[in-house]
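Structural description and commentary
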Amino acid sequence: AHSRALRIVASPGEVLRPQVTRTRELLAEGAIGRLTWVICGAGFGAYHEQDEPERSDGAQGPPINPAWYFRNPGGGPMFDMTSYSLHQLTSILGPARRTTGLSGIRIHERRFLDATIQTEADDNTILLLEFDDKVFAIAYGTAAGDHSAQFGAGTYFGTAGVIEGVLLNGEPFEYPGKQLTDNAPVTDWDAQMRVLPDVVGEHRRIPEAHVFQDVMQLVDWVRDGTPSPVTAEHARHVIDIIESGYQAAETGSTQELSTSFDWTGFAAV
């Protein structure tokens, strides 16, 4: 893309969210003392088989089979869900240095309507990541279970407190645009997306409006020449974390991460 003067924008653009920026600032300000470790990730549960409306009535057509979420290549909760957590985590802490972990298939068959789906992709993965200054993070993509009701949220433990998603020591913290979310619980993912710059008016009623925001980053870059902070290099680093984590689980050896991304302008933690 660079050599051909093309524009490429990654998704999800967690770095665009003011909640994420404010978390980075709170850590830099010492709001929870000295950061020690983080946990983030997500679990499949029965989300794709039962909890999405397109699986039952298809919205505008027949039910959409979710089998690809459980197949290789590209299936499993790490790529599907934990990618949000990893984009958020690395937007706050910067590039990870190395990873190790355990991974495998826990639920070998899933049911969708009258069909059986064979699980091919690992659905139970727990990684340990190392960042600068010996800050460690657990990132999981599991068959079931979540550490937080806020989707994709990291929980940051410090010597004087904790940040869980948009909560500082259990209380909501302030960030630009927060008034747009005040009538919704902090667990409402779609409400949390109302603060994104292009998610205005009717677009605030779009489910998962962050995808629209990611598209608009590309539109602005092509139309106006405004580079997006949602970079392909950042997404490549997240993919490196996941793939290196799988390799660490397969080989039993900690993997050094070979990728990075430009963290210039991010507040130091």
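See above for the structure.
Before going into details, it helps to say that this report is about the structure given with it. Computed from a predicted model, the values in this text were never measured in an experiment.

How each quantity is defined
- Residue positions within a chain follow its written sequence, with the count starting from 1.
- In view of the model being predicted, local features appear only for residues whose pLDDT reaches at least 70, and side-chain atom pairs are presented and counted only at 80 or more, with totals across whole chains, interfaces and linings using the full set of residues.
- Processing note: side-chain calculations cover all non-hydrogen atoms of the structure and skip hydrogens and water entirely.
- Counting from the N terminus, the helices are DSSP H or I runs at least four residues long and the strands are E runs at least two residues long.
- Think of it in three bands: with a 1.4 Å probe and only protein chains considered, a residue is buried below 20% of the maximum accessible area for its type, exposed above 50%, and partly exposed in between.
- We call two residues contacting when some pair of their heavy atoms lies within 4.5 Å.
- Positive charges come from Lys and Arg, negative ones from Asp and Glu, while His and the chain ends are left out of the count.
- Lys charges are placed at NZ, Arg charges at CZ, Asp charges at CG and Glu charges at CD.
- Multiplying 1.5 Å by the residue count of a helix minus one yields the expected span of that helix.
- Axis definition: a line fit to C-alpha positions, over the contact stretch in the case of helices; interaxial angles, taken between N-to-C directions, run 0 to 180 degrees.
- Throughout this description, any angle smaller than 35 degrees is read as roughly parallel, any larger than 145 degrees as roughly antiparallel, any in the 65 to 115 degree range as roughly perpendicular, and the remainder as oblique.
- Here a crossing is taken to be left-handed if its near helix is turned anticlockwise relative to the far helix by less than a right angle, and right-handed if that turn runs clockwise.
- Side-chain classes are defined by residue name, with Ala, Val, Leu, Ile, Met, Phe, Trp, Tyr, Cys and Pro counting as nonpolar, Asp, Glu, Lys and Arg as charged, and the others, Gly among them, as polar.

Here the focus is the overall build of the protein. Across its full length, the protein carries seven helices and 11 strands. Projected onto its principal axes, the C-alpha positions of the protein cover 55 × 50 × 45 Å. Per-residue burial over the protein gives 46% buried out of 269 residues. Partitioning the intrachain contacts of the protein with sequence separation of at least 6 by distance along the chain shows that 66% fall at a separation of at least 24. Averaging the locations of the 20 positively and 36 negatively charged side chains of the protein gives two centres separated by 3 Å.

The next thing to look at is helix α7 (residues 232-251). Its 20 residues place the ends of α7 28 Å apart at the C-alpha level, agreeing with the 28 Å of an ideal helix rising 1.5 Å per residue. Restricting attention to buried positions, one finds in α7 the residues H234, A235, H237, V238, D240, I241, I242, S244, G245, Y246 and A248. Buried residues along α7 sit in contact with α4 (77-93), β2 (98-104), β5 (124-130) and β11 (255-256). Two residues or fewer past α7, G252 is found with a positive phi of approximately 75°.

Counting through the fold element by element, S91 comes out in helix α4. As a C-alpha pair, S91 and E14 span 77 residues in sequence and 7.3 Å in three-dimensional space.

On to the environment of R236. Relative to the helices and strands, R236 resides in helix α7. With 232 residues separating them along the chain, R236 and R4 place their C-alpha atoms 19 Å apart. Excluding its chain neighbours within four sequence positions, the residues that come into contact with R236 are T259 and S260.

For any two helices packed against each other, one specifies the crossing angle of their axes together with the interaxial distance. Interaxial distance between α4 and α7 falls to 10 Å at its minimum, and their mutual angle equals 120°. Put simply, α4 runs oblique to α7. As α4 runs across α7, the sense of the crossing is right-handed. The segment α4 lies against α7, with M78, F79, S83, L86, H87, T90 and S91 engaging H234, A235, H237, V238, I239, I241, I242, E243 and Y246. Per-class residue counts for the contact of α4 with α7 are nine nonpolar, six polar and one charged.

By themselves these figures say nothing about function.
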